[in-house]
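Here is how the chains run, residue by residue.
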Amino acid sequence: MSKSIAAKWALITAELKSVPKDGKNAHQNYDFQSAEGVGKAVRVLLAKHSLMIVPAMAADDPVHIRSIEGSKQSVAQVKLRIIIVDGAGAANTTITTST
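What this report covers is the structure whose coordinates are included nearby.

1. Thoughts on the overall build of the chain
And then number 1: On a plain count of helices and strands, the chain comes out with 2 helices and 5 strands.
And then number 2: Scanning the chain from its N terminus toward the C terminus, one meets helices and strands in the order α-β-β-α-β-β-β.
And then number 3: Relative to the globule expectation of 13 Å for 99 residues, the C-alpha radius of gyration of the chain, 18 Å, shows a markedly less compact shape.
And then number 4: Principal axes of the C-alpha set define a box for the chain whose edges measure 60 × 35 × 15 Å.
And then number 5: The burial tally for the chain puts 17% of its 99 residues in the buried class.
And then number 6: Residue pairs at least 24 apart in sequence account for 42% of intrachain contacts in the chain once pairs closer than 6 positions are excluded.
And then number 7: About 7400 Å² of surface is accessible on the chain, with carbon and sulfur atoms providing 58% of the total.

See below:
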């Protein structure tokens, strides 16, 4: 019997080790984990457990706010939809962020 997506996700979480800090912010003098480094570490485990993450923008709505100084500003409020696909045949899961 194949494992559920939740069970595979738990295994990935348990197996994921600390991601090395491979980026450097020279201006503020600190090291960080780059998106590429995190992605590389996660992709290996996703493939091992036959999972794939497919991100998509669900909405990109402009929001008008006032700054502390009182000026009007526009910011983007983005909702992200993430589809977790199980290559072993279990049902797919969709997660949509909320605000």
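2. Some words on the pairing of strand β4 (residues 72-86)
And then number 1: Looking at chain direction, strand β3 (residues 51-66) and β4 are connected through 15 bridges and run antiparallel. Across the sheet, the residue bridging to D60 is V78, located in β4.
And then number 2: Here β3 folds back onto β4, and the loop between the two strands holds 5 residues, one of which, G70, carries a positive phi near 100°.

3. Thoughts on the side chain of S34
And then number 1: Tracing the backbone through its elements, the reader meets S34 in the loop between β2 (30-32) and α2 (35-48).
And then number 2: Among the residues examined, S34 registers a relative accessible area of 11% and is labelled buried.
And then number 3: From its side chain, S34 meets the backbone nitrogen of G37 in a polar contact 2.9 Å long.

4. A few points about α2
And then number 1: Here α2 spans 20 Å end to end across 14 residues, near enough to the 20 Å set by a 1.5 Å rise per residue.
And then number 2: Listed as buried for α2 are G37, G39, L45 and L46.
And then number 3: Buried residues in α2 make contact with α1 (5-15) and β3.
And then number 4: Looking at the residues trailing α2, positive phi occurs at S50, about 60°.

5. Digging into the pattern of salt bridges
And then number 1: For the coordinates displayed, the defined rule picks out 3 salt bridges.
And then number 2: D86 serves as the salt-bridge partner of K8, at 2.8 Å between the closest nitrogen and oxygen. Here K8 is found in helix α1, whereas its partner D86 is found in strand β4, with 78 residues between them in sequence.
And then number 3: Exposure remark for D86: the relative accessible area of 5% places this residue in the buried category.
And then number 4: Between K48 and E15 there is a salt bridge, with its nearest N and O atoms 3.0 Å apart.

6. A closer look at α1
And then number 1: Among the residues of α1, I5, K8 and I12 are the ones counted as buried. End-on, the buried residues of α1 take up no more than an arc of 65°, which puts them together on one face. Across α1 from its buried face, at more than 90 degrees, point the exposed residues A6, T13 and A14.

7. Details of unusual backbone geometry
And then number 1: Not every positive phi belongs to a glycine, and N29 is a case in point at roughly 55°.
And then number 2: With respect to the element layout, N29 can be found in the loop between β1 (23-25) and β2.

Conventions and cut-offs
- Residues numbered from 1 in each chain as written.
- Predicted model: local features only at pLDDT ≥ 70, side-chain atom pairs only at ≥ 80, totals over all residues.
- Heavy atoms only, no water.
- Helix = DSSP H or I, 4+ residues; strand = E, 2+ residues; numbered from the N terminus.
- Rg over C-alpha atoms; globule rule 2.2 N^0.38 Å.
- Buried < 20%, exposed > 50% of the residue type's maximum accessible area, 1.4 Å probe, protein only.
- Contact = heavy atoms within 4.5 Å.
- Areas by Shrake-Rupley, 256 points an atom, 1.4 Å probe, with all protein chains shown as cover.
- Pairing = 2+ DSSP bridges.
- Polar contact = N/O pair within 3.5 Å; in protein donor to acceptor, adjacent residues only side chain to side chain.
- Expected span 1.5 Å × (residues − 1).
- Salt bridge = Lys/Arg side-chain N within 4 Å of Asp/Glu carboxyl O.
- Arc of directions from axis to C-beta.

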